[in-house]
Amino acid sequence: MTHSPESSHHVEPGAILDKITRLLADLDRSLVERAMHVRVSLLALLAGHHVLLIGPPGTAKSQLARALCRCVREAQFFEYLLSKFTHPDELFGPVSIPGLKKEDYRRLTDGYLPRAHIAFLDEVFKANSAILNSMLTLINERVFHHGRRRDSVPLLGVIGASNELPEAGVGLEALYDRFLIRVAVPPIDGDGHFLQVSLGELPAFHPPDEARLTVPELHRLRELAGAVTVDAPVRQALLRVREKLQEAGIEASDRRWRWAIDLLRMSAVTARRGSLSILDLSLLEHCFGDPTDDEAVVRMSVRAGLAAGPQGSDLVTSLKERWAELRTKEVWVDLERWRPEMFARMDGFIAESVQACYELEARLTRLSAEQKQTPWLVEVPPELAAGLMAARLKVQQYKQFAEQFRGQVAEYSPAALAYDQMNRRADSWYHNQAALCVRRVGDADRWLGLHCNGSITQSHPGEGTPRIELDDATVHTLLFGSDLRKVARQLAETAIRPLVGIPSNQLAQQVRRSETLLEGCTQALTAVFEALRGKGIRPPWPPELPEPAPAQEVKHAKSRA
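Since the model is a prediction, treat every value here as computed from it, not as a measurement. (Residues numbered from 1 in each chain as written. Predicted model: local features only at pLDDT ≥ 70, side-chain atom pairs only at ≥ 80, totals over all residues. Heavy atoms only, no water.)

Novice: I tried to follow the packing of aromatic side chains on my own but got confused; where do I start?
Specialist: Working definition: an aromatic ring pair is given by the centre-to-centre distance plus the angle between the planes. Applying the stated criterion across every chain yields a total of eight aromatic pairs. For the ring pair W323 and F349, a centre distance of 4.8 Å and an interplane angle of 65° mean the geometry is edge-to-face. Remark: F349 occurs in helix α15 (residues 335–373) and W323 occurs in helix α14 (residues 313–328); sequence separation between them is 26 residues. An identical accessibility class is assigned to W323 and F349; each is buried. When the ring centre of Y176 is taken as reference, the NZ or CZ atom of R182 above it lies at 3.9 Å. The cationic tip of R406 hangs over the ring face of F343; the distance from NZ or CZ to the ring centre is 4.2 Å. (Phe/Tyr/Trp six-rings, centres within 6.5 Å; stacked < 30°, edge-to-face > 60°. Helix = DSSP H or I, 4+ residues; strand = E, 2+ residues; numbered from the N terminus. Buried < 20%, exposed > 50% of the residue type's maximum accessible area, 1.4 Å probe, protein only. Lys NZ or Arg CZ within 6 Å of the ring centre and 35° of its normal.)

Novice: Would you mind showing me how to read the nonpolar core here?
Specialist: Note that soluble globular proteins tend to have their nonpolar side chains buried in a common cluster. With 99 residues, the main nonpolar core has I20, L46, I181, L281, L284 and F288 as its most contacted residues. Judged by nonpolar contacts, the second largest core, of 27 residues, contains L113, A116, L172 and L175. (Core = buried A, V, L, I, M, F, W, Y, C linked by side-chain atoms within 4.5 Å.)

Novice: Which parts of the structure should I look at to understand the pattern of salt bridges?
Specialist: A side chain with one charge can pair with a side chain of the opposite charge if their charged atoms come near. Counting across every chain of the model gives 26 salt bridges. For E217, the salt bridge goes to K19, with nearest N and O atoms at 3.0 Å. Within this pair, whereas E217 is found in helix α9 (residues 215–226), its partner K19 is found in helix α1 (residues 13–30), the two being separated by 198 residues in sequence. For K19, a relative accessible area of 12% translates into the label buried. In this structure, the salt-bridge partner of E544 is R327, at a minimum N-O distance of 3.1 Å. Of this pair, E544 sits in the loop between α21 (515–533) and α22 (550–560) while R327 sits in helix α14, and the two are 217 residues apart along the sequence. (Salt bridge = Lys/Arg side-chain N within 4 Å of Asp/Glu carboxyl O.)

Novice: Explain the sheet that holds strand β2 (residues 77–81) to me, please; I cannot follow it from the model alone.
Specialist: By way of backbone hydrogen bonds, the strands of a sheet pair with one another, either parallel or antiparallel. Pairing is parallel in the open sheet, where five strands are placed in the order β2-β3-β6-β1-β7. In the strand order of this sheet, the two ends are held by β2 and β7 (179–184), each with one partner. Each strand axis lies, on average, 15° off the axis of its neighbour in the sheet, ignoring direction. Strand direction decides the pairing type here: strand β1 (residues 50–54) and β7, joined by five bridges, are parallel. For I54, the partnering residue across the bridge sits in β7 and is A184. (Pairing = 2+ DSSP bridges. Axes fitted to C-alpha atoms, helices over the stretch in contact; angles between N-to-C directions.)

Novice: Would you mind showing me how to read the packing of α15 against helix α16 (residues 382–411) here?
Specialist: Running from amino to carboxyl end, α15 crosses α16 at an angle of 165°, the nearest separation of the two axes being 9 Å. The angle between α15 and α16 places the two elements in the roughly antiparallel class. The two elements α15 and α16 cross, and the hand of that crossing is left-handed. (Parallel < 35°, antiparallel > 145°, perpendicular 65-115°, else oblique. Left-handed = near helix turned anticlockwise from the far one by under 90°.)

Novice: What is the right way to read the side chain of H37 from this model?
Specialist: Residue placement: H37 occurs in helix α2 (residues 35–47). For H37, a relative accessible area of 6% puts it in the buried group. Not counting chain neighbours up to four residues away, the residues in contact with H37 comprise L64, V183, A184, V185 and P186. (Contact = heavy atoms within 4.5 Å.)

Novice: Help me out: how do you make sense of α9 in this one?
Specialist: The α-helix advances 3.6 residues per turn, and as a result positions three or four apart in sequence lie on the same side. The end-to-end C-alpha separation of α9 is 17 Å, in line with the 16 Å expected for twelve residues at 1.5 Å each. The buried fraction of α9 amounts to nine of the twelve residues, a majority that puts the element mostly inside the structure. V215, P216, E217, L218, H219, R220, L221, R222 and A225 are the residues of α9 that are buried. Close packing links the buried residues of α9 with α1, α2 and α11 (254–270). (Expected span 1.5 Å × (residues − 1).)

Given below as structure tokens:
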């Protein structure tokens, strides 16, 4: 675009942005149910691009164009209704007769399109071939050719209007492509707004001179927009959006993409940012496809591309990796070391989950703050908020899952579990072999005998009967230790109760002397505890993290958004 010769470097950007905010507020009061149309149209003009409004007659398309022209101080406005009979003189000015006498073909352009800052061309696709090429060059290159002359034009932007899209195959594709922003303009929907419009109760838009933008200010904004950076996350998001559009069958030229990035950079500058945001990219839904046929498809494709980004998935992935890591670390046989270690693992994971929730909440807050600071967006796209909220929901589920597992670790009592399982096997009692007597937890009067053949007996031993109370650590070792023979010897020397012929005071000597008795005791321990291993008497171990169904997750997150 050609810049004004007037210097724009002394223009204060902050003052320009304040003007834009005030202008948008006044436009919203005068043009109800047109917040999106007003914003994308004004943004396009600031960025130096053109707007196409598609809709039936009487939907305030020309009123919107005139209002936008009033946003620029001393801007020249040109308005014309085109038809197939429109003559080039009506659009570009008459041919100079004195010039012809001097063999100098030129047009008198004052008051016509080549001298306008903002133009409104109604029924723009009714232009005939006689004016089409000149108009294409003028609105795209900001140059008007007449005769040997090549004049620069001050055009800020063209607003085209049409009741329908151009017919395919009649040579209007190039003109249609020149309009970066394409939006449908429906009739007023709300009852209250309908009455305001039909009863003429809306205020006219006539901003004071000090509230209007100047041409140097527009050029200054465009200079600043050219310096806006595009960071790696936004670059990846652009690629995702392009991929989604292509999957939906929406094609766009490289030129259109370049223009679209100009628009996004202007959005960033006017939101007081030096780099593009994911929020800026949501404006791409107005830059592609046909506004009547493809509007919903384009909007869904753009938002799907943005929502498919990291959002909160980086934090979710980090927690998954952390959980997988703590599940694969070494398991200690010693219960007294195992339980504190599990507590430490769970406490660390829970702390990381809490921090992830804080970070996701902060991202949501920043997204909302960015939207409020971005004058061109009336809301945060629900898909973006839903992505963050879905991630937060997952993190909260992971935290609850870890807390539940920590409770299982705290409650784990292998002795109680083992005794309970042993008691359930009391239907096979034998009283003709030696047994280990163990006290059943919670019942001081009932004892269980672990027989050398692997069977279990329930008894009420008298005074002086050798017995042992197995604590959690011992049972844990019996269940998961590797040296059962050593454990059996220790227990047998103090806890084997001979049923025939072995006095208690000779028990220790008998055990040391009798390999058969020791082997029987070992076999008893092995048989009993091997059976118990298959009955869930094992230390709780972190299972896989739960994954909510995608459909439920998105639905829940969107409802909260």
